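Listed below, chain by chain, are the residues.
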Amino acid sequence: MYLTRVLRAATAGLVAATALAAAAHTAEAADTLGSAAAGQGRYFGTAVAANHLGESDYAATLDREFTSVTPENEMKWDATEPTRGGFTFTSADQIVSHAQGRGMDVRGHTLVWHSQLPSWVSTLAAADLRAAMNDHITQLMTHWKGEIHSWDVVNEAFQDGSSGARRSSPFQDKLGDGFIEEAFRTARAADPAAELCYNDYNTDGVNAKSDAVYAMVKDFKARGVPIDCVGFQSHFNSASPVPADYQANLQRFADLGVDVQITELDIEGSGTAQAASYGTVVKACLAVSRCTGITVWGVTDKYSWRSGGTPLLFDADYAAKPAYDAVLAALGGTGGGGGGGGGAACTATYSTDAQWNDGYNGKVTITAGDSAISGWTTTVTLTAPQQVTAVWNATATWDGSGNVMTVEPSWNGSLAAGASTSFGFTVAKNGSGAVPAVGTCAAS
Ligand code: XIL
């Protein structure tokens, strides 16, 4: 919801002075991954390693392009609880505070996973393991309570191949299938504001493994086990390319009533082939309304976990690759390789919401044209002696006559192609029954 700004004044002149002083908003051009994705109502994130934050090119690229971060290793069990009850949050805190200082979201990764698990965990007997798992979830989620957009509560709990079975792990082997449900219930209690995700790989298309995850999520939803999203890691290469039914698979999960997120995207390759695959993934996400964001698994090929495959959007010198241009174009951005942007347009339509003896509430609906927009402005002209006494969901400034108000978003003016928003205002009729005139809508 847009920030509500209510203006009250005895005269239009006073309103003008107040509003002019307070109105400060510059629409951002959608020329970065983050701003273009925001124009589509999505975040665009990256995995981040705390030990690279001090490298200026790394930090500059991160800060310019991305609106969400996932600590690549710093929140994993071996990093956060290397000995039982001995919690260390320093490296992850560094990433969280970097993100918070720049308005980025944070994905928490990951609470319960068979890998990067300290050996003390696997030596525990069932009752103790259960207590340790729940304590680990509670301690981490409490430490960052209210600060994490989504948590990967359980990671990679299913086997590859055709069995559809659970993967062997200390949790699976000692606690049985129920450990996943228990982890999600513990997580909900620890931080009710965080979206709780199940995350996995080789589940990107429709196959036996994704069928098994699908059945679990369906069962969770039917029984009220708290789950909000499913993460699709999406690590691709020539042996494991973007599946043809990628979008259909995202959609069938979304249809279960969960958000879907692309959580660890990287695609080995180079040039136009790599770019095309990236474009396919982004378009698939945009075509699924519950696909809320995309995270690539690293800022630069230089530090990729599989850097030999050069799978990311920036090369080792932080130059944007063709894959970057393809992603930006698919997001409707205006920079990079071009081909995406242009044609920012919007319409503004007026309706009267409520009327009473000496006043009325007007409503203006702003609708983006065929491409996403990152900002808009329009005018509303009143007939004297009518006076506006309040404006909400937008910021208004008045001309000298006090009859024409120019209206713009109070903060984020991004709208996806064809999407609408509205603002409203209260008018004192002062004896005039005239209907306000709405000017043309200008988009950026
Ligand atoms: C990887 C990291 O990128 C590496 O730095 C680390 O050595 C191993 O883990 N699936 C996941 C991620 O969920 O946590 C993994 O990250 C990649 C595969």
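Residues numbered from 1 in each chain as written. Predicted model: local features only at pLDDT ≥ 70, side-chain atom pairs only at ≥ 80, totals over all residues. Heavy atoms only, no water.

Chemist: How would you summarise the overall build of the protein if you had to cite specific residues and measurements?
Modeler: When you go through the protein residue by residue, the secondary structure sums to 13 helices and 18 strands. The principal-axis extent of the C-alpha atoms belonging to the protein is close to 80 × 50 × 40 Å. Per-residue burial over the protein gives 51% buried out of 444 residues. Excluding contacts between residues fewer than 6 apart, the proportion of contacts in the protein whose partners are at least 24 apart in sequence is 75%. One finds the centroid of the 27 positive side-chain charges in the protein at a distance of 6 Å from the centroid of its 44 negative side-chain charges. (Helix = DSSP H or I, 4+ residues; strand = E, 2+ residues; numbered from the N terminus. Buried < 20%, exposed > 50% of the residue type's maximum accessible area, 1.4 Å probe, protein only. Contact = heavy atoms within 4.5 Å. Lys, Arg positive; Asp, Glu negative; His and termini not counted. Charge placed at Lys NZ, Arg CZ, Asp CG, Glu CD.)

Chemist: Describe the pattern of salt bridges, with residues and values.
Modeler: The tally for this structure, following the rule as stated, stands at 17 salt bridges. The partner of Arg107 in a salt bridge is Asp152, and the shortest N-O contact between them spans 2.8 Å. Of this pair, Arg107 sits in strand β3 (residues 105–112) while Asp152 is found in strand β4 (residues 150–155), placing the two residues 45 residues apart along the sequence. Judged by its relative accessible area of 1%, Arg107 is buried. The class of Asp152 is buried, set by a relative accessible area of 1%. A salt bridge links Asp259 to Arg290, with the shortest nitrogen-to-oxygen separation between them at 2.9 Å. (Salt bridge = Lys/Arg side-chain N within 4 Å of Asp/Glu carboxyl O.)

Chemist: Tell me about the side chain of Asn361, and please be specific about residues and values.
Modeler: The residue Asn361 is located in strand β11 (residues 359–368) in this model. A distance of 2.6 Å separates a polar atom in the side chain of Asn361 from a polar atom in the side chain of Thr426. In contact with Asn361, not counting residues within four places along its chain, are Ser351, Thr352, Asp353, Ala354, Trp356, Trp392, Phe425 and Thr426. (Polar contact = N/O pair within 3.5 Å; in protein donor to acceptor, adjacent residues only side chain to side chain.)

As far as function goes, none of this settles anything; it's purely spatial.
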